[in-house]
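Each chain is listed here by its residues.
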Amino acid sequence: MSHHGWVEVTRPDTLAPEGLKSPFGRLFPAEDHQYDSLAVSLLAGPGGPLSERAMPASRQLVPGEQGACTDDFDKLIEAVGHAVEAVSEECRAQLLPVRIEVREAVTAKPSNPAGFTFLGQFIDHDLTEFRVIGEGYKIIPQNPTIGQRQLVLEDVRHPERDLPTTTNGRSGKLDLDSVYGLLGTPQLNLFSDEGLFLHNVQTDAAGNALPPDLQRGDAHRNKRLIADPRNDENKLITQVHLLFERLHNKIHGDTIAAFRQNQNQARPQVERDQEVRESFGPTSSNFEATKKRVQSIYRRIVAFDYLPRIVQRSHLDEVLAQFADSRKKTFFEEMNARNDDLLKRRNLGGLTVEAVAIPVEFSHAVFRLGHSQLRNQYLLHAGFGSRLFNTATDSHDLRGDKPLYVPATATAPELVFHVDWTLFFKAGANDPQHGEPIDGRLPEAIFRLPPPAIGEPPQSLAERNIRRGVDFGLPSGQSVASQLAARYKGVAPTSAEALFPTALYGRFVEVLEREPRLRWDTPLWYYMLMEAAAYTDTPQLGPVGGYVVAETILGALLEGETAETDLSLRPGAIAAEARRLRADWHALNVDWDETASDKRRWDQPLATPDAIISMGQLIAFVGA
């Protein structure tokens, strides 16, 4: 599995600090669920109830059959006819194979702009990267093999000498180490001597300058110059990654330009250039200052633009209040206290100042919510779209590890995969395309993952999610609901009918016949999706998914923003940071829907880039 970053292990005898400084943890006790294997395949495999094709087949509207609704439906048919007539004759033929489904237009649950799916993937890669601990303490940068029981640090019986089977390759503090360099150490070859990210800039066939791409080729590890190659596993997350590199270059470049203006112009140019390199290179204090500014902007975007779109306001407020009260503890804080105690038994205590544990309930279940938000295909810019995955050899798709610009050849047209960001975020006058809702209806593309996305079966991403949950001993959705309910208001188990609706599972009876306890010991990932589907007036998660995401991401954010290193003072400092964040959040009054007076608007006047709180504002600032 090549889609992983790399951290050299300097002390393999203790696996520290690189190995165990950021362990995986558990919000809740592990549970052992051994589901019938065929039932899992029937549930989550191609053509199963999670597939978008599992919805009842479309049929013609029969005149008069709809009773009092007949007139309204006649108007709908007429409107569709007018819409088709508005399409040019040369393009109308392309509509012949298209089935227009009314349920797409009237589905109750809304969705978010399509870009947030890939911002979520970027956040996930910034927080987590599973690494296998092999024989001889060797850390292998790959996902654990499916079908093997995995142990995190909390699972080992003798933590002073035994090792978990997996550890994290990230600091877990929303610090963009997947951009700058893993576990907080800048990867020097990513930068110029002046501390700017190195890019490849090309022009298209008409001579127009294109946005930057990664530098690629055999000269680079994994054949591209990037801290975390997973951020190049599709062409959309690649460009989200590049946005943050461009943010760094814009801030750092503007600072360098101001510095050059104040240099003594009478000095030789070579001396002035050397002074810039020494003052702004990737080991300088000015570089570190730029990095901290970019990290802070990123965390504000996560807090005020991303989280409110997937977690309900009341759930976010409760979690922030819990973090803000130093007399109380969140599940996230309790998990990290346990892990720090375990690390002390290996003489590694206090490492949570550098890195924190991330829960497996988040990484291997709940934050895989983005798989439901994926579309089968996307419009990238006017006149050009592409499928997510296309295994045919005669066409293109959005798989990564390839340039964003492909010049025309004698047999193939020019391909420009650089996106128009106004089609993915609210970054202009027009509304962007949306992703799919968070629910139990997944796009066909994820049921046949092509290489290099996977290296072993099963091909279905949905099935892989459920089987990994079993491997990591994740608790059921019902178990998580009951434990959350002891601390947060309004949490109740989702009913069996909502989880396995008769209208759908009446056509897939073999799933529950083979494994009836799926009804009451429901896999956490599946439970999260179906719970979210029940909240039809919002694109956000339900309480189980929402509280797990809010605790994890806010906990990581607060750990990253808190500068206090004295372990006795740090809890109070984190609580104070949470109170400040909660006050800002209430003042901004943001939710999933962006209003006309929203402080996140792309055209909101900003005094400095440090005031950026949304992807639209980031895109406007870097000129993307």
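Attention here is on the structure that accompanies the text. These figures come from a predicted structure and were not determined experimentally.

### A look at the overall build of the protein
When you go through the protein residue by residue, the secondary structure sums to 22 helices and nine strands. Here the analysis covers contacts within the protein between residues at least 6 apart in sequence; of these, 74% occur between residues at least 24 apart. A total of about 26800 Å² of accessible surface is found on the protein, and carbon and sulfur atoms cover 52% of it.

### Considering the pairing of strand 6 (residues 377–381)
Consecutive side chains of a regular strand alternate in pointing toward one face of the sheet and then the other. Where strand 6 lies against strand 7 (residues 384–387), four bridges are found, and the strand directions are antiparallel. The residue bridging Leu 379 from the neighbouring strand is Gly 385, located in strand 7. Counted between consecutive antiparallel strands, the loop separating strand 6 from strand 7 contains two residues, among which Gly 383 sits at a positive phi close to 85°.

### Structural notes on the packing of helix 1 (residues 37–44) against helix 14 (residues 461–471)
When two helices pack together, their arrangement is given by the angle between their axes and by how far apart the axes lie. For the pair helix 1 and helix 14, the least separation of the axes is 8 Å and the interaxial angle reads 140°. Relative to helix 14, helix 1 is oriented oblique. Both helix 1 and helix 14 take part in a crossing whose hand is right-handed. For the pair helix 1 and helix 14, contact is made by Ser 37, Val 40, Ser 41, Leu 43 and Ala 44 and by Ala 462, Glu 463, Ile 466 and Arg 467, respectively. Residues belonging to the contact of helix 1 with helix 14 are distributed by class as follows: five nonpolar, two polar and two charged.

### Quick notes on empty space enclosed by the protein
Per the stated rule, a full pass over the model turns up five cavities of 30 Å³ or more. Counted as a void, the second largest cavity has a volume near 110 Å³. The wall of the second largest cavity is formed by 14 residues, among which Gly 469, Val 470, Leu 474, Pro 523 and Leu 524 lie closest to the centre. By residue number, the principal contributor to the lining of the second largest cavity is helix 14, which donates four residues. Broken down by class, the residue content of the lining of the second largest cavity amounts to nine nonpolar, five polar and no charged.

Reading the values: rules and limits
- Residues numbered from 1 in each chain as written.
- Predicted model: local features only at pLDDT ≥ 70, side-chain atom pairs only at ≥ 80, totals over all residues.
- Heavy atoms only, no water.
- Helix = DSSP H or I, 4+ residues; strand = E, 2+ residues; numbered from the N terminus.
- Contact = heavy atoms within 4.5 Å.
- Areas by Shrake-Rupley, 256 points an atom, 1.4 Å probe, with all protein chains shown as cover.
- Pairing = 2+ DSSP bridges.
- Axes fitted to C-alpha atoms, helices over the stretch in contact; angles between N-to-C directions.
- Parallel < 35°, antiparallel > 145°, perpendicular 65-115°, else oblique.
- Left-handed = near helix turned anticlockwise from the far one by under 90°.
- Nonpolar A, V, L, I, M, F, W, Y, C, P; charged D, E, K, R; others polar.
- 1 Å grid on protein atoms, 1.4 Å probe; cavity = no way out; pocket = protein on both sides within 12 Å on 5 of 7 lines; lining within 4 Å.
- Points joined across faces, edges and corners; volume = space filled by probe spheres on them.

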